[in-house]
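# A look at the structure
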Amino acid sequence: MKAFRFVFCLLMLCASVLCACTRQKSALVETNAPRHFKELKTIEGLLESDPELALDSVKALKEKAQQTRFTDADGNELRLREVQAQYKNRCLTEDSPDLSPVITFYDSLAALFPNDADLQYLLANTYYYKGVQLAFANDDVNAFTHYLKAMQVMRQREDWSATPYAPRFVALTYTRLSEILYRYGLADAALETCRKADSYYDSDNDHAAMMRFEAAIHQSKKDYDKALALFQEAEELVTTGSGAMELSLGAKLFDLQQYDSAVPHLEQAYLTGDRFARVDAASKLAEIYRDKGMDEEELHYTRSYVENSMLETRMSAKKMEIEYLYAEAQNAPTEEAENETNNAPWLIWILVLVAVIAFMAFIIVLNRKRISHIENKIVSIEQKHEQENAVKDQELEQMSQQLNATREQLEYAGKVDFDEAWKAFIESAIVQKIKRSMEGKDIMIKSVGAYQNLKLKEMDYIGLVQEANRCFPDFSSRFLKQYPDLNIADLRHCCLGLLGMNDAEIAVLEGISYSGANRRTNKILSSMSTGENLELAMITYLRNVF
């Protein structure tokens, strides 16, 4: 009986080895997809040459799929081609097919056919376009993970001569990685991947685009000379206009203390540049306007700089995850393509035994290893997050102290005569103009919508705030400094309240609903910690301060 069992097991092992040695080398051949293999190959070519026709072909093939059941190979590839066609035609939406089941299918198939180059290339494409979908949903960490997996699949094989679009696909994958690394401030890693992407491109347009991207990275590192050189080199290769180099030009003029010449370039960079360009331009503009004594402009750009710094702090957790994933991918050894199975019988037996032992070991330690890895990763990320937050908090505290010191220098030493100042304010031309516009109009809550023509213009708001600052020196900056929860719109609302306007009248002048005006009034009174109406609260404030 024991001998029979031994012989039976031996025969089963031999049968398994025979199947492994005789199975086909390729999974995606026409015999596995007899109906639509050629059509899908045609769509693959059209995706590069004519994306619109490719999308039409996908739609036509989907109609066939509704009439005749597709094989798994056909169905999964069609789903991938549909997402590719939508992306290339700029019509990718949240309702586009989810590629997660396609990844599962190709990943399982690739394990059985590791030497099938077409299959591996499809798997890499699926990872890439799943990353595109995740990026579209603003999930940068998971998108970055899928781009890395796509690149890992491509690096496992060195010979892609039979796949004509592989070099450009590798270039695009490196480009997406570089964009995410740059977005999260990992400039050195972004430079490395940017240069790798450029090495795979072959057109002047692509080379020029990568030069401009590399210049933007150097610009974020404040290496303006290098950035300008790259921008100019890209412009000589493919002309697109000099808009991208506005920050570098403004920064060079700023360093030369040619502030008046620097301002137009810096303001243009602030308006049209990316996040790093906006932060850099805002810091320089705030310094220029502080030297010029232009308080409102300085406050605007200083607040923008602080807000962007706080945004960077909020992004720090994702930044550390992406940095960890990139470092892990860089340190991982490159997997070489598996060699063809050796026909020596002793090697086959060893491989079978090793596979059985490995499978049993995998079942035993899988969950324990996975949990341990996740716990270590979480602890590492939390530690880095705490350290970086401490540094950012210290920087923000220093900036806040500097801002307060600057404001204190600008405050007036003495008090003004309140009665004279109040009389000058009430009798000013802008106040009289606003009051005349409301004379003879009994505006109630339900009648707000009937006076749309009374809405104040932007210049009227500016004139009203300027008049308040003239009569009560530095009123606006003092008020916003004392109540940091309030903004410019709230300040304008307070100035209208000073005129004795109720919420219904203010709603008409601001062109908003009564409920909106009432909410803003309550917000201001809450910040000022007073239960009085807005007019009395503001008069009390002015008497106490001035």
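Anything mentioned here points back to the structure above.
Residues numbered from 1 in each chain as written. Predicted model: local features only at pLDDT ≥ 70, side-chain atom pairs only at ≥ 80, totals over all residues. Heavy atoms only, no water.

### Points about the side chain of Asp116
What counts is decided by this rule: The secondary structure listing takes helices from DSSP runs of H or I that are at least 4 residues long and strands from runs of E that are at least 2 residues long, numbered from the N terminus. Any residue under 20% of the maximum accessible area for its type is buried, any over 50% is exposed, and the rest in between are partly exposed; the area is computed with a 1.4 Å probe on protein chains only. Residues adjacent in sequence count toward polar contacts only when both atoms are side-chain atoms; beyond that, a polar contact is any pair of N or O atoms within 3.5 Å, and within protein one must be able to donate a hydrogen and the other to accept it.
Checked against the element boundaries, Asp116 lands in the loop between helix H5 (100-112) and helix H6 (117-136). What makes Asp116 buried here is its relative accessible area of 4%. Within polar-contact distance, the side chain of Asp116 engages the backbone nitrogen of Leu119 at 3.2 Å.

### As for the packing of helix H10 (residues 204-220) against helix H11 (residues 224-237)
Formally: Orientation is described by lines fitted to C-alpha atoms, with helices fitted over the stretch in contact, and by angles between N-to-C directions that extend from 0 to 180 degrees. Orientation categories follow fixed angle ranges, with anything under 35 degrees roughly parallel, anything over 145 roughly antiparallel, 65 to 115 roughly perpendicular, and all other angles oblique. Should the near helix be turned anticlockwise from the far one by less than a right angle, the crossing is termed left-handed; should it be turned clockwise, right-handed. We call two residues contacting when some pair of their heavy atoms lies within 4.5 Å. Note on residue categories: nonpolar means Ala, Val, Leu, Ile, Met, Phe, Trp, Tyr, Cys or Pro, charged means Asp, Glu, Lys or Arg, and polar means any other residue, Gly included.
For the pair H10 and H11, interaxial distance at closest approach is 8 Å and the crossing angle is 165°. With respect to each other, H10 and H11 are oriented roughly antiparallel. Handedness of the crossing formed by H10 with H11: left-handed. Residue-level contacts link Asp204, His207, Ala208, Met211, Arg212, Glu214, Ala215, Ala216, His218 and Gln219 of H10 to Tyr224, Lys226, Ala227, Leu230, Phe231, Glu233, Ala234, Glu235 and Leu237 of H11. Here the residues of the contact of H10 with H11 are counted per class, giving 10 nonpolar, 3 polar and 6 charged.

### Brief notes about the pattern of salt bridges
Going by this rule: The salt bridge criterion pairs a side-chain nitrogen of Lys or Arg with a carboxyl oxygen of Asp or Glu, the two atoms within 4 Å.
By the definition in use, this model includes 19 salt bridges. Residue Arg176 is joined to Glu179 by a salt bridge in which the shortest nitrogen-to-oxygen separation is 3.0 Å. Placement of the pair is Arg176 and Glu179 together in helix H8 (residues 166-183), with a separation of 3 residues, close to one helical turn. For Arg176, a relative accessible area of 15% corresponds to the buried category. Each member of the salt-bridge network shares a partner with another, and the members are Glu44, Glu77 and Arg81.

### Considering the nonpolar core
Using the following cut-off: Residue types Ala, Val, Leu, Ile, Met, Phe, Trp, Tyr and Cys, when buried and joined through side-chain atoms within 4.5 Å, form a set referred to as a nonpolar core.
In terms of nonpolar packing, the biggest core is built from 58 residues, with Tyr128, Phe144, Leu181, Ile217 and Ile322 touching the most fellow members. Those elements giving two or more residues to this core turn out to be helix H4 (72-88), H5, H6, helix H7 (140-155), H8, helix H9 (187-200), H10 and helix H16 (316-331). Setting aside chain neighbours within four positions, we find Ile322 in contact with Val141, Phe144, Ile180, Leu181, Tyr184 and Leu186. Judged by nonpolar contacts, the second largest core, of 49 residues, contains Val448, Ala504, Met538 and Val545.

### Re empty space enclosed by the protein
Going by this rule: For each structure, a 1 Å grid was placed over the protein atoms alone; sets of points admitting a 1.4 Å probe that cannot get out are labelled cavities, open sets with protein on both sides within 12 Å along at least five of seven lines are labelled pockets, and lining residues have an atom within 4 Å of a point. Grid points are joined across faces, edges and corners, and a volume is the space filled by probe spheres set on the points.
Under the definition given, this model contains 2 cavities of 30 Å³ or more. Looking at the largest cavity, its volume works out to about 50 Å³. Surrounding the largest cavity, Leu148, Met151, Arg155, Tyr174, Leu177, Thr193, Lys196, Tyr326, Ala329 and Gln330 form its lining. Secondary structure elements with two or more residues in the lining of the largest cavity: H7, H8, H9 and H16. Here the lining of the largest cavity is built from residues that sort into 6 nonpolar, 2 polar and 2 charged. Size it by volume and the second largest cavity reaches roughly 40 Å³. Lining the second largest cavity, in full, are Tyr182, Ala216, Gln219, Ser220, Leu247, Asp274, Phe276, Ala277 and Asp280. Broken down by secondary-structure element, the contributors of at least two residues to the lining of the second largest cavity are H10 and helix H14 (275-292). Considering only residue class, the lining of the second largest cavity consists of 5 nonpolar, 2 polar and 2 charged.

### Structural notes on H6
The following threshold applies: What a helix is expected to span follows from its residue count: subtract one and scale by 1.5 Å.
Its 20 residues place the ends of H6 29 Å apart at the C-alpha level, agreeing with the 28 Å of an ideal helix rising 1.5 Å per residue. The element H6 is extensively covered by neighbouring structure, given that 17 of its 20 residues are classed as buried. Between a side-chain oxygen at the N-terminus of H6 and the backbone nitrogen of Asp118 the separation is 3.2 Å; the capping residue is Asp116. In the stretch just after H6, Asn138 is the one whose phi turns positive, near 65°.

### Topic: a nonpolar patch on the surface
Note the threshold: Candidates for patches are residues over 30% relative accessible area with no salt bridge; among them, like charges are joined within 9 Å and nonpolar side chains (Val, Leu, Ile, Met, Phe, Trp, Tyr) within 5 Å. Accessible areas in this description were obtained via Shrake-Rupley with a 1.4 Å probe; residue shielding takes into account the shown protein chains only.
On the surface, Val356, Phe359, Met360, Phe362 and Ile363 cluster together into a nonpolar patch covering about 520 Å² of accessible area. Along the polypeptide, Ile363 turns up in helix H17 (residues 345-410).

### Focus: the side chain of Ser316
Along the polypeptide, Ser316 turns up in helix H16. Look at Ser316 and you get buried, because its relative accessible area is 0%.

### Observations concerning the environment of Tyr121
Take Tyr121: it is sitting in helix H6. On the basis of relative accessibility, which here comes to 8%, the residue Tyr121 falls in the buried class. As for Tyr121 and Ala166, which are separated by 45 residues in sequence, their C-alpha atoms are 7.8 Å apart.

### Looking at the packing of aromatic side chains
Counted only if it meets this: Between rings of Phe, Tyr and Trp, where Trp is taken as its six-membered ring, a pair exists when centres lie within 6.5 Å; planes separated by under 30 degrees are stacked, by over 60 edge-to-face, and by other angles tilted.
Scanning all chains against the criterion turns up 20 aromatic pairs. When the centroid spacing of 5.6 Å and the interplanar angle of 80° are considered together, the rings of Tyr121 and Phe169 count as edge-to-face. Here Phe169 lies in helix H8 and Tyr121 lies in helix H6, a separation of 48 residues in the sequence. Note on accessibility: Tyr121 and Phe169 belong to one class, buried.

Function cannot be inferred from these measures alone, as they are strictly geometric.
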